[in-house]
Amino acid sequence: MQGQDGERDRHGARSGGDRSPGAPDGAPDGASAGTAAGSPHGAPAGTAAEVPPGAPPGTPDPEPRRGRPRSAAAERAILDAVIALLEAGEPLAGLSIERIARTAGVGKATIYRRWADKEELFVDVVRDMEPDDPPVSGTEGLADLRVMLESLRTRGLAQRSSALLHNIFAQMKSHPKLWNEYHGSVIAPRRLAMVEAVRRAVAAGELRDDLDVELIDDLFVGPMLVRTVHRPDAPLPDDLADRIITALLQGLAPAARV
């Protein structure tokens, strides 16, 4: 990725290519000043054309004319710009939208069309660096829990292997607004998904139904969080999720002696 305006990013697309020549920085993607690209009579982008006079009843409206779609290359350039600045030693608190835009080769409006503020942008940067959340069935209980526990393990491995990712998390926790944004948009939905999987496991008879589901969820998640967060030197073997589930299902009381 290049840091100068108009140069190509590392994916070969021109940074900031979602703004038409001559369009103001705040204009919609692909629109020139005052009119939408390709719209007759200056109709705004996204406005549906009228049904021609005399058309038979029930004739559907023509598809609305829209501006060009947002540029994936521009979004990629912005995310890469933040990562490059962090790799160069810039602290999260010191990064400005102006600096990010200049490094990505886009206008500030291109960033603000995608993210309301720096916190939203930084959360997407972290999510981009983390392993993707794995798909789950949404219908199974213990099977989905196993998949999500394994995802916790792989994210823990990613933080251990990436000094940059580890450093970003350390900085995030010292910035309440940023941490709250990450917690609300990433951690809370993940926790809700696991609680719902516990509910499905209880309903399917895979887990006992006389305990609070959130307590059961904590019992599954707790050991993995201890290993990945509180014990950074503890091993994270491939079968850790299975071992946690098996231990909880079998219980910790010693086997009865004959």
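Residues numbered from 1 in each chain as written. Predicted model: local features only at pLDDT ≥ 70, side-chain atom pairs only at ≥ 80, totals over all residues. Heavy atoms only, no water.

### Regarding the overall build of the protein
Part 1 of the argument: If you tally the helices and strands in the protein, you get 9 helices and 0 strands.
Part 2 of the argument: For the protein, the sequential pattern of α-helices and β-strands runs α-α-α-α-α-α-α-α-α.
Part 3 of the argument: Sorting the 258 residues of the protein into buried and exposed places 35% on the buried side.
Part 4 of the argument: Counted over contacts in the protein with a minimum sequence separation of 6, partners at least 24 positions apart contribute 60%. (Helix = DSSP H or I, 4+ residues; strand = E, 2+ residues; numbered from the N terminus. Buried < 20%, exposed > 50% of the residue type's maximum accessible area, 1.4 Å probe, protein only. Contact = heavy atoms within 4.5 Å.)

### A look at the pattern of salt bridges
Part 1 of the argument: Counted by the stated rule, this structure contains 19 salt bridges.
Part 2 of the argument: A network of salt bridges, in which partner residues are shared, links Glu130, Asp133, Arg155 and Arg190. (Salt bridge = Lys/Arg side-chain N within 4 Å of Asp/Glu carboxyl O.)

### Let's talk about the packing of helix H1 (residues 72-87) against helix H2 (residues 97-104)
Part 1 of the argument: Between H1 and H2, the shortest axis-to-axis distance is 8 Å and the interhelical angle comes to 110°. For the element pair H1 / H2, the angle class is roughly perpendicular. Pair H1 / H2 crosses with right-handed handedness. Residues Ala77, Ile78, Ala81, Val82 and Leu85 of H1 form the contact with H2, whose participating residues are Arg99, Ile100, Thr103 and Ala104.
Part 2 of the argument: Its residues assigned to classes, the contact of H1 with H2 shows 7 nonpolar, 1 polar and 1 charged. (Axes fitted to C-alpha atoms, helices over the stretch in contact; angles between N-to-C directions. Parallel < 35°, antiparallel > 145°, perpendicular 65-115°, else oblique. Left-handed = near helix turned anticlockwise from the far one by under 90°. Nonpolar A, V, L, I, M, F, W, Y, C, P; charged D, E, K, R; others polar.)

### Concerning helix H8 (residues 213-230)
Part 1 of the argument: Taking 1.5 Å of rise per residue, 18 residues should cover 26 Å, and H8 covers 24 Å from first to last C-alpha, within 8% of that figure.
Part 2 of the argument: Along H8, the sharpest change in direction is near 35° and occurs at valine 221; proline proline 223 comes one to four residues later.
Part 3 of the argument: Of all the positions in H8, only Val213, Ile216, Asp217, Phe220, Val221, Met224, Arg227 and Thr228 are classed as buried.
Part 4 of the argument: Against the buried residues of H8 lie helix H5 (142-161), helix H7 (176-203) and helix H9 (240-250). (Expected span 1.5 Å × (residues − 1). Bend = angle between axes of the 7 residues up to and from the residue.)

### Observations regarding the packing of H7 against H8
Part 1 of the argument: Here H7 crosses H8 at 110°, and the two axes come no closer than 9 Å. Taken as axis vectors, H7 and H8 run roughly perpendicular relative to one another. The handedness of the crossing between H7 and H8 comes out as right-handed. Packed against H7, whose contacting residues are Arg191, Met194, Val195, Val198, Arg199 and Val202, the element H8 presents Val213, Glu214, Ile216, Asp217, Asp218 and Val221 at the interface.
Part 2 of the argument: In the contact of H7 with H8, the residues fall into 7 nonpolar, no polar and 5 charged.

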